[in-house]
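So the chains spell out like this:
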Amino acid sequence: MATTAEDLRSKGISYQDLLRQDAVPPPAVLTLESPYNQGLTSVPVSRYTSREFHDREMTHVWSKVWQMACREEEIPKVGDYIVYDIGRFSILVVRTKEGIKAHHNVCRHRGRRLKDFDGHAANFICPFHGFSWNLDGSSRSITSEWDFPHVDKKDFALTPVLADTWGGWVFINMDVQAESLADFLGDLPDHFSIWDPESRYIEARVGKVMKCNWKACQEAFMEAFHVITTHPQLLAGIGDENTQYDVWGNMSRAITPNGTPSPHIKWDPTEQDLLEAVSMHDLDDPDMPALPTGIRARSAMAAGIRANTQSVVGDDVVLSDAELSDSIYYTLFPNFHPWGGMNRIVYRFRPWQDRHDRCLMETYFMSPFTGERPDPAPLHLLDEDEPWTNAPELGMLAKVFTQDTFNLPQVQTGLEAAQYDDVVFARYQETKLRHFHDLLGAWVGA
Amino acid sequence: MPRLKHPLNGAMYTVRDDGHVEVENNGLKGIFSWDGQHQEGSLTYADPHMLVWLAGPQLPTNIESARKHRG
């Protein structure tokens, strides 16, 4: 029997049909659809468990792909630098008079890391023998230069790394022959142009070491398929199975509608029930104000957020119900996850140190502001045994993450013990995972 | 104490003073620790993620009551 477009989606209302009912209609970018009907539906378990595969990722992906290193606001002055570690590699990202540059964080003499922490410097001096380099990476001084007649200073620069920016984010690429960042980003800047990511600041930044492979971790944040089991308390007010999944180039997107019931529940919640569900209202909490007759929960949610948001972004910006209510989560290969609309979330996942079975999950809250740009929040790092709730700046998201963290170490443990060959993905609801692994396979040559 | 009705099966989850969770479903009752271990009672299964949500690591009370951080 032939497969129709309808067969590829949940039987619940489509996201586009839901948008057509909204009081304040969405921007054009949210009406785009680009389903991904090709590609793999399973990957070897070893992608998550094998040291050999981790090493291939280091060699063929991380050392060659554009990846987010920091925000421009984290290095505002000439001489400000950050140390960006990815697996066995370490990169210095520094603001110079000529703009943002990046170099391998390795002394050209005997290999010591030049900097151990983020900071500010007039130049980079190796703590071992004192060789130094200018901010632009050129050699500044060679200790006992008389003893190095065989070294030409002009050929003794720090190993260069490409650096470029988009939306206030700094990206680096260790492959100096790589395509431009603009080419790699593809349609991403167009999608985000109305949300002006450059004009946000880091209100909060929390990282936690997770006891799992970086892909297992990020994949839990690339689909709404797990909501039915992992976040059951949300089901009355979230259209988990109505999520729309799209793919463009190196980018994928999911949009999960809020203020609409899950197709999985077998009762008919009122609009009041929906509003209470999205507000995470406990039965013992004081009653919420009753919704006026004819007002939908989505519109009421949006109106509540709109009033506060409008005062920051300006009254001339049209804020649709969808941009204020829905979870709009993009992924740029391999590990950058900016959320669209008025959502503040940006995720980044990467191997922790050089381990295949640990990763660092970071959550940024990128918020709009008025007046002078506030200072960016520093990283609040949680170790692998600390609960997310030790970071109250994440609000209720910390509790949601606690549920995900209840699964993820057990996913890794299970995969390590698995007596089968392949992890199997859903055709539609795991679109983003399939797309990611198609790209990953192409990069590593698998 | 925090109380929630499971949206899928209607079971009632109530956090007790001792930090465990009492679950009632179809006339059966059980007591569970926050990480899903059955403590006592004729109801022997509960949704582990409801237990984590209600009785797992919690935010400071003032943050919990604000409830306004959403993604």
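That block above? That's the structure.
Residues numbered from 1 in each chain as written. Chains lettered and ligands numbered in written order. Predicted model: local features only at pLDDT ≥ 70, side-chain atom pairs only at ≥ 80, totals over all residues.

**Quick notes on helix H3 (residues 51-62) of chain A**
Residues and elements named next belong to chain A.
Right, so step 1: The set of residues buried in H3 consists of Phe-53, His-54, Glu-57 and Trp-62. Take H3 and look down its axis: the buried residues cluster within an arc of 100 degrees, on one side only. Exposed and oriented more than 90 degrees from the buried face of H3 are Arg-51 and Glu-52.
Right, so step 2: Close packing links the buried residues of H3 with helix H2 (46-49), strand E3 (80-86), strand E4 (89-96), strand E17 (345-351) and helix H12 (431-444). (Buried ≥ 20, exposed ≤ 12 C-beta atoms within 10 Å, placed from the backbone. Helix = DSSP H or I, 4+ residues; strand = E, 2+ residues; numbered from the N terminus. Arc of directions from axis to C-beta. Contact = placed C-beta atoms within 7 Å.)

**Brief notes about the nonpolar core**
Right, so step 1: Formed by 105 residues in total, the largest nonpolar core has its most connected members in Ala-69, Val-93, Ile-172, Cys-217 and Cys-359 of chain A.
Right, so step 2: At 6 residues, the largest contribution of residues to this core is made by strand E18 (residues 359-368) of chain A.
Right, so step 3: With near-sequence residues (within four places) excluded, Cys-359 of chain A lies in contact with Met-210, Cys-212, Asn-213, Trp-214, Cys-217, Phe-349, Arg-350, Pro-351 and Trp-352 of chain A.
Right, so step 4: The next biggest cluster of nonpolar side chains, apart from the first, holds 14 residues, and it includes Val-15, Phe-32, Leu-51 and Val-52 of chain B. (Core = buried A, V, L, I, M, F, W, Y, C linked by C-beta atoms within 7 Å.)

**Re unusual backbone geometry**
Right, so step 1: Cis geometry is adopted by the peptide bond preceding Pro-334 of chain A, which originates at Phe-333 of chain A and carries an omega value of 0 degrees.
Right, so step 2: Structurally, Pro-334 of chain A can be placed in the loop between strand E15 (327-332) and strand E16 (336-338).
Right, so step 3: Positive phi outside glycine occurs at Asn-26 of chain B, with the angle close to 50 degrees.
Right, so step 4: Residue placement: Asn-26 of chain B occurs in the loop between strand E3 (21-25) and strand E4 (28-32).

**Overview of the sheet that holds E3 of chain B**
Residue and element names in this part refer to chain B.
Right, so step 1: Here 5 strands make up an open sheet; going across it, the order is E1-E2-E3-E4-E5 and the pairing antiparallel. If you trace the sheet from one side to the other, it starts and ends with strand E1 (3-5) and strand E5 (38-41), each paired once. Shown here is a sheet whose adjacent strand axes are inclined to one another by a mean of 20 degrees, direction ignored.
Right, so step 2: Bridging between strand E2 (residues 12-15) and E3 involves 4 bridges; their strand directions are antiparallel. The residue bridging Tyr-13 from the neighbouring strand is Val-23, located in E3.
Right, so step 3: The strands touched by helix H1 (residues 48-55) are E1, E2, E3 and E4; relative to E2, the strand with the most contacts, the crossing angle is about 35 degrees. (Pairing = 2+ DSSP bridges. Axes fitted to C-alpha atoms, helices over the stretch in contact; angles between N-to-C directions.)

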